[in-house]
Amino acid sequence: MPFATENQKYGFKKEASRGIAEAAPQKFLAVGAEALLDYKSLLIADDKLRGSKEAFPSAAGIREGSGSLPAIDLEAETVGDLLLGALGKVTTAQPDQVNSPTVYRHTFKPDNLVRFPSFTFFADRGLGVKRYPLTVVKKLVLSGGVDGKAQSSADVLFKTEEAASAFVATFGSPKPLMFYQTEFKLDGVLSQDVRSWTLSMDNASGAQRTLNQSRDAKDIVSTGKFAIEGGYEVFFETEANRQKFIDNLPQAVSIALTGDVIEDAFKNALELSIPKAKYTAYGFGTIEKLLGAAVTFQAEVDPALGYSLQAVLTNGITGC
């Protein structure tokens, strides 16, 4: 009997103890159709000379786990764990605990970690249910266009694959942050000439391998610097911002997406702030037959503020 891809379900839970698989998912992600958690076994070829051109039996090599979770609608209620996984640091507060006790504000920043937060991910493909302990979010990409939902996608690494029990996925009413709820500012000034934007954060995580009597990795660790990069498409109305690229001057970039009301005056929201964006491309080009630019930048730390990227998420979730 074949199995329809539409019936697939993905869930996850933050691990209480690193690498110890959780029994069942706590939260669920509505992912794109190309979602994949791929656990594979590599071979070590026998390339010795034996007077024959035929391949002799290979040996078992390492096993590795990686995956992609694409086209996730950017929602205030679900993006928090992905931000925590990619950046590593979160501080949670209540902006008005007395009058608005159900509102929480989570502030995420890049952390100097070797081990980023670990999750157990679950996948029900119909054929069977699998779980993937010690899953780490290596890269998170956020994006938005002029005529649709803001989106996120995540690249993950994990240690191994195990059989898991069936689970029931529960999804609330979709509340995607939309293009018409987006404000894009440059140096604090609202720009209405931007057509689309993207922001990626990569924490340089990779498999750590030792002689641990296993073909699986020992851990997933970060051994490099953050790569926080972004870009936007903009129609030219002035050359002032392009001149910053020519003069190698940074510019503050901020993106604010504001959704539905949570309680009182507080709304679901995500505010992304890059205080020192250094342009890497800002050439003259064409966008929809108008003069425009496909701008790219990298985020550099602001010594005064102490960070290169800050994400502030307001929602009704206690644990981000």
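Look up: the structure comes first, before these words.
Residues numbered from 1 in each chain as written. Predicted model: local features only at pLDDT ≥ 70, side-chain atom pairs only at ≥ 80, totals over all residues. Heavy atoms only, no water.

Things to note about the nonpolar core
L142, M201, Y232 and L270 are the most contacted members of the largest nonpolar core, which totals 55 residues. Here this core gets 6 residues from one element, more than from any other, and that element is helix 1 (residues 79-87). (Core = buried A, V, L, I, M, F, W, Y, C linked by side-chain atoms within 4.5 Å. Buried < 20%, exposed > 50% of the residue type's maximum accessible area, 1.4 Å probe, protein only. Helix = DSSP H or I, 4+ residues; strand = E, 2+ residues; numbered from the N terminus.)

Digging into the side chain of S222
Here S222 shows up in strand 15 (residues 219-222). The exposure class assigned to S222 is buried, which follows from its relative accessible area of 9%. At 2.6 Å, the side chain of S222 and the backbone oxygen of N203 are in polar contact. Discounting residues that sit within four places of it in the chain, S222 has contacts with L113, V114, F116, N203, A204 and S205. (Polar contact = N/O pair within 3.5 Å; in protein donor to acceptor, adjacent residues only side chain to side chain. Contact = heavy atoms within 4.5 Å.)

Concerning the pattern of salt bridges
For the structure on display, the rule yields 17 salt bridges. A salt bridge links K27 to D81; the nearest nitrogen and oxygen atoms lie 2.7 Å apart. Here D81 lies in helix 1 and K27 lies in strand 2 (residues 27-29), a separation of 54 residues in the sequence. Residue classification places K27 among the partly exposed residues on the basis of a relative accessible area of 23%. Measuring nitrogen to oxygen at the nearest pair gives 3.3 Å for the salt bridge that ties K48 to D47. For the pair K48 and D47, one class covers both residues: exposed. The network of salt bridges with shared partners includes R18, R115 and D219. (Salt bridge = Lys/Arg side-chain N within 4 Å of Asp/Glu carboxyl O.)

Observations concerning the environment of A207
For A207, the position within the fold is in strand 14 (residues 205-208). C-alpha of A207 to C-alpha of A24: the two residues are 183 residues apart in sequence and 24 Å apart in space. Setting aside residues up to four positions removed in sequence, A207 forms contacts with A217, D219 and I220.

Description of the pairing of strand 4 (residues 56-73)
Of the strand pairs in this sheet, strand 3 (residues 36-46) and strand 4 are connected by 9 bridges, and their pairing is antiparallel. In the strand pairing of strand 4, L36 is matched with S68. Direction of pairing for strand 4 relative to strand 9 (residues 151-158): antiparallel, over a ladder of 7 bridges. Across the sheet, L69 pairs through a bridge with A154, a residue of strand 9. (Pairing = 2+ DSSP bridges.)

Section: helix 1
A large share of helix 1 lies buried, amounting to 9 of its 9 residues. In the segment just after helix 1, G88 is the residue with positive phi, at about 95°.

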